[in-house]
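What follows is the residue order along each chain.
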Amino acid sequence: MPTQAQLDFIANAALDFYLNKGDAFQQTLQSKPLVKVMDKKTQSFPGGKGDISVAVVGAYGAGGTNDSLAGYSYDDTVAFYNPTNLDRLNYTWREHHIGITVTHTELKHDGISVTDEMGGTSAHSGRDQTMLINMWENKLFDLGERYSRSYNELLWGDGTADAKALHGLQHFLVEDPTTGTVGGKDRSVADNAYLRNRARTVANAANVAHGGDAVTVDGTDGGALVQTLQQEGRQLRRYGGRPDVFLAGSDFIDGYEREIRANGNYTDRGFKGSQDGAMGPVMHDGTVIQYDPTLDDLGLSKRGYWFDSSKIKMAKMDGEWRRAHNPARPPEKFVLYRSITSTGQMIATQLNSSLVIDIK
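Residues numbered from 1 in each chain as written. Predicted model: local features only at pLDDT ≥ 70, side-chain atom pairs only at ≥ 80, totals over all residues. Heavy atoms only, no water.

Caption draft 1: The sheet that holds strand β10 (residues 211–212), seen in detail. Here 7 strands make up an open sheet; going across it, the order is β10-β9-β18-β14-β11-β13-β12 and the pairing mixed. The sheet is open, and its two borders are formed by β10 and β12 (283–284), each paired with just one other strand. One ladder, built from 2 bridges, connects β12 with strand β13 (residues 287–291); its direction is antiparallel. Pairing of M283 across the sheet is with V288, part of β13. Set on the sheet, helix α7 (residues 250–262) makes contact with β11 (245–248), β12, β13, β14 (303–307) and β18 (355–358); between it and β13 the angle comes to about 135°. (Pairing = 2+ DSSP bridges. Helix = DSSP H or I, 4+ residues; strand = E, 2+ residues; numbered from the N terminus. Contact = heavy atoms within 4.5 Å. Axes fitted to C-alpha atoms, helices over the stretch in contact; angles between N-to-C directions.)

Caption draft 2: Looking closely at unusual backbone geometry. Despite not being glycine, D221 shows a phi value in the positive range, around 55°. The residue D221 is located in the loop between β10 and α6 (224–236) in this model. In this structure D221 comes out as exposed when scored by relative accessible area, which is 77%. (Buried < 20%, exposed > 50% of the residue type's maximum accessible area, 1.4 Å probe, protein only.)

Caption draft 3: How the structure looks around the pairing of strand β15 (residues 312–317). Counted residue by residue, β15 has 6 buried out of 6 residues, so it is predominantly covered. Burial along β15 is two-sided: the residues I312, M314 and K316 and K313, A315 and M317 are all buried. By the bridge criterion, 4 bridges tie strand β1 (residues 42–45) to β15 in an arrangement that is parallel. Residue Q43 lies in a different strand from β15, and its bridge partner there is A315. Across 5 bridges, the pairing between β15 and strand β17 (residues 335–348) is antiparallel. Looking across to β17, one finds that K313 is bridged to I347.

Caption draft 4: Spatial organisation of the side chain of H167. With respect to the helices, strands and loops of the structure, H167 is situated in the loop between α4 (135–156) and α5 (169–172). Leaving out residues up to four positions away in the same chain, H167 has contacts with L154, G159, F172, Q345 and M346.

Caption draft 5: How the structure looks around α7. If you check α7, its first and last C-alpha atoms are 18 Å apart, about what 13 residues at 1.5 Å a residue would give, namely 18 Å. Those residues of α7 lying buried are F252, I253, G255, Y256, E257 and E259. Contacts made by the buried residues of α7 are with α6, β11, β12, β13, β14 and β18. Positive phi shows up at G264, right after α7, with a value of about 110°. (Expected span 1.5 Å × (residues − 1).)

Caption draft 6: Expanded view of the side chain of N204. Take N204: it is sitting in the loop between β9 (198–200) and β10. Once residues within four sequence positions are removed from consideration, N204 is found in contact with E175, D176, P177, A199, H210, G211, G212 and D213.

Caption draft 7: Representation of the environment of L225 within the structure. Within the secondary structure, L225 sits in helix α6. Judged by relative accessible area, L225 falls into the buried class, the value being 0%. Spatially, the C-alpha atoms of L225 and I260 are 9.8 Å apart, while their sequence positions differ by 35 residues. In this structure, L225 is in contact with V215, F252, G255, Y256, E259, I357 and I359, ignoring residues within four places of it in sequence.

Caption draft 8: A look at the packing of aromatic side chains. With the rule as written, the count across this model stands at 6 aromatic pairs. Ring geometry for Y151 and W321: centres 5.7 Å apart, planes at 65°, overall edge-to-face. Here W321 lies in the loop between β15 and β16 (323–325) and Y151 lies in helix α4, a separation of 170 residues in the sequence. In this structure, Y151 and W321 share a single accessibility class: buried. A network of ring pairs unites the aromatic residues Y147, Y151 and W321 as a single cluster. (Phe/Tyr/Trp six-rings, centres within 6.5 Å; stacked < 30°, edge-to-face > 60°.)

Caption draft 9: Local environment of α6. For α6, which comprises 13 residues, the first-to-last C-alpha distance of 18 Å matches the rise-based estimate of 18 Å (1.5 Å per residue) to within 8%. Buried residues of α6: L225, V226, T228, L229, E232, G233 and L236, and no others. Buried residues of α6, viewed axially, fall in a sector of 155°; they line one side. (Arc of directions from axis to C-beta.)

Caption draft 10: The pattern of salt bridges, seen in detail. Scanning the model with the defined rule gives 14 salt bridges in all. Where R198 meets E232, a salt bridge forms, and the shortest distance between an N and an O atom there is 2.9 Å. With a gap of 34 residues between them, R198 in strand β9 and E232 in helix α6 connect regions that are remote in the sequence. Each member of the pair R198 and E232 is classed as buried. Of the charged contacts, one joins K360 and D213 as a salt bridge, the two residues approaching to 2.9 Å between their closest N and O atoms. (Salt bridge = Lys/Arg side-chain N within 4 Å of Asp/Glu carboxyl O.)

Caption draft 11: Spotlight on a nonpolar patch on the surface. Side chains of V57, Y60 and L86 sit close together on the surface and give an oily, nonpolar patch of about 370 Å² of accessible area. Inspection of the secondary structure puts V57 in strand β2 (residues 51–57). Exposure remark for V57: the relative accessible area of 38% places this residue in the partly exposed category. (Patch = residues over 30% accessible without salt bridge, like charges linked within 9 Å, V, L, I, M, F, W, Y side chains within 5 Å. Areas by Shrake-Rupley, 256 points an atom, 1.4 Å probe, with all protein chains shown as cover.)

Next up, the structure:
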C-alpha cells in the first residue's frame, strides 16, 4: 500500500492539469558559487592511497646555524648547512553517497512501465495527454539538486558535522588562525605558523601579525573597509599568493557598496534621460565580490572570504567522482534505486594567501 507521502506526490503532480502542464516550477533554487569554484579548480589522484599527500616548505635554512652569507678571505675555513625543511600535509580522502527510490506503482501513475529488472523504463502510449509532470524526471532532478545542495553545505562546513565527509572551507579559513589542525599539523605551534590564514575578525583582534579585528564600515577618508582590503591584498600577495575568488554575504556587500557611494559615483551619461540608481557587481582589486546566499543561511551575512583558488581546491579520485549507480532491486520489492557517489577531499597547499574578514 502506498504511503501518504507517495499519494501526496502523485496528487500534486496531477493538480491543475490544464494550467501548468509541463515542468514543475522550482521555487527555492539558490546560486552556489563555491560549488562552481571547486568544480573548476580540481586535481585528481589515483585510488589505493589512504591519504592525499602534499609536499610543502614553510621554513628555510638551519635555524641560523651556518645558513647565511658570511665573509671570508684567502684560506679561511667556511661552513656549510644541510637543508631539511621539506614537510608534508596529509589529507584523508572521504566517500559520499546520496540516493533515491521510487516504486513501480508511482511510475505507473505517471504512465511509465519498468521494462527490465535493471530499471529500464518505457512510456505508455498517449501518456502526454494524461500526465502533468514527468514524475520520474522530477525525482531525478530532486536527486541532483539535493546532491548539489548537500555538496555545497559540505564545502561551506568545517568538517565537524559529518566526520566521514570532506572538510569544508571553514576548516581551512578560520576566525582565529592560531587554532585547529590542517593536514595533520597543529596551527597553534609556532613552526606551523605558515599554515595560518589572514583574519580580520573579533576572535583575531589581538593577533595583528595575521590580520586583526573586524572592520567597522565607515565611508569617510576613502572607506574603512576598502582601505583594509587594500592593506590585506598586499599581505595576501606577500608570499606569492594570487587571490582570485571573493565570496561574501549580503551585509558585507552592502557595506562595501555604501563606502563606494559615500566616496562618489561617476557616470559618462551625465544627468540627461533616465538614471539607474542600482549599482552593478562590485569589484576589489580586479576580483568580483560575489554574493553567496549560503553565507546568509549560515548567519554569516557580514563575512567575506577572499582566497587563491589554486591553493585551496578539491582533489577527486580518478573515476570515482559523481559516479552514477543503478542498484538492482531486492527480489521482494518492486522498486527502483538511483544513487550518486563521490570520493575525494578538499585540500590546501597554502593558506597565508587567503583572508576571512567580518564587518561590524
